[in-house]
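# Structural characterization, general
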Amino acid sequence: MNLNNIVIVLDHPDESRNIGAACRAMANNDISELRIVGNKSDYDINHIHVLAIHAASIFDNAHFFSDINQATADCSLSAGTTRRRGKKRGKLYLPEEFAAEASKITGNPAAENGNNNIATGGKVAVIFGNERTGLTDEQLDQCTTGVTIPSSENFGSLNLSHAVQILCYHLFRQTLREQNSCIQSYTPVSLERIDTTVKTVTDNLQKIGFFKMPGREDTENFWRSIFARASLSEGEAQYIEKTFIKMAGLASKK
């Protein structure tokens, strides 16, 4: 995921302070490109800066457009946010599903530094409607897809900046998942190898009288489940085995 290729579009927001809060939400998640459909003169910059705090530069660098089509002309994908399903609205992604789709388009940020030959990817826009009306069907028709944030049937309307925060957070989380996947530099041990570690653990627990023989199977199943979920490396498996062997050895001396 290349967050530099994520574009947040606010379509005719009513409240200046909501724009500032949206800027802060973007900055929390390393997203910095803001586009607004509307006129800059309609907004109180002081109110925006107060709510944006240290993210005021996001608004200061924002670009203004006459409609969604113009605001997203250079984007490869534009997703309108809506909580209402309608005949024209088609498939609506959940935030996490949309983040995975956006990642396929935005490319690899390492490419921007010349570290490899992967293309820098296309821009992906997320469009948020007016606080009172949301995006109309006509506005959604200017988007290529839709994304929805599940909320209460009794009180489903979200504050604009909260909606921006949720979508930006899922995009940011997608980036972290991909980074962690790259950082993982080992192959987790197989279940067969885990069974060897489990046997070492339970053999040594039995030596110190931790359980009676009828309880061994339950104990083995417990440790097998824990070790499998932990995705142990070979070194970690060996360390666990040595710990339990040493523990049983010390117990026998006493």
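This report concerns the structure included in the present document. Bear in mind that the values here come from a model prediction, so they are computed numbers and not experimental data.

What counts and what doesn't
Residues numbered from 1 in each chain as written. Predicted model: local features only at pLDDT ≥ 70, side-chain atom pairs only at ≥ 80, totals over all residues. Heavy atoms only, no water. Helix = DSSP H or I, 4+ residues; strand = E, 2+ residues; numbered from the N terminus. Axes fitted to C-alpha atoms, helices over the stretch in contact; angles between N-to-C directions. Parallel < 35°, antiparallel > 145°, perpendicular 65-115°, else oblique. Left-handed = near helix turned anticlockwise from the far one by under 90°. Contact = heavy atoms within 4.5 Å. Nonpolar A, V, L, I, M, F, W, Y, C, P; charged D, E, K, R; others polar. Core = buried A, V, L, I, M, F, W, Y, C linked by side-chain atoms within 4.5 Å. Buried < 20%, exposed > 50% of the residue type's maximum accessible area, 1.4 Å probe, protein only. Salt bridge = Lys/Arg side-chain N within 4 Å of Asp/Glu carboxyl O.

Here we take up unusual backbone geometry. Positive phi, normally seen in glycine, also occurs at Asp 30, with a value near 60 degrees. For Asp 30, the location among the structural elements is in the loop between helix H1 (16-28) and strand E2 (33-37).

Axes are the key here: two packed helices are described by the angle between their axes and the distance separating the axes. At a minimum axis distance of 8 Å, the contact between helix H8 (residues 191-207) and helix H10 (residues 234-253) shows a crossing angle of 10 degrees. Relative to H10, the element H8 lies roughly parallel. Handedness of the H8/H10 crossing: left-handed. Facing Arg 193, Thr 196, Thr 197, Thr 200, Val 201, Asn 204, Leu 205 and Lys 207 of H8, the residues of H10 in contact are Glu 234, Ala 237, Gln 238, Ile 240, Glu 241, Phe 244, Ile 245, Met 247 and Ala 248. Across the contact of H8 with H10, the residue classes break down as eight nonpolar, five polar and four charged.

Let's shift gears to the nonpolar core. Counting 39 residues, the largest nonpolar core has Ile 8, Leu 10, Leu 34, Phe 98, Val 164 and Leu 171 as its most contacted members. Among the elements that make up this core, the one with the highest residue count is helix H7 (residues 160-183) (seven residues). Those residues in contact with Leu 34 that lie beyond four places of it in its chain are Ile 8, Leu 10, Ile 19, Cys 23, Met 26, Ile 58, Phe 59, Ala 62 and His 63. Among the nonpolar cores identified, the runner-up in size contains twelve residues, and Val 7, Ala 71, Ala 125 and Leu 140 belong to it.

Our focus in this paragraph is the pattern of salt bridges. Where side chains of opposite charge bring their charged atoms close, a pairing between them can arise. Applying the stated rule across the entire model yields twelve salt bridges. Salt-bridge contacts for Glu 101 lead to Lys 104; the nearest nitrogen and oxygen are separated by 3.0 Å. Of the two residues, Glu 101 and Lys 104 both sit in helix H5 (residues 95-106), three residues apart, roughly one turn of that helix. Since its relative accessible area comes to 26%, Glu 101 is described here as partly exposed. A residue is classified by how much of its surface remains accessible, and Lys 104, at 64% relative accessible area, is exposed. Across the salt bridge formed by Lys 199 and Asp 203, the nearest N and O atoms sit 2.8 Å from each other. You can see Lys 199 and its partner Asp 203 sitting in helix H8, four residues apart, about one turn around the helix.

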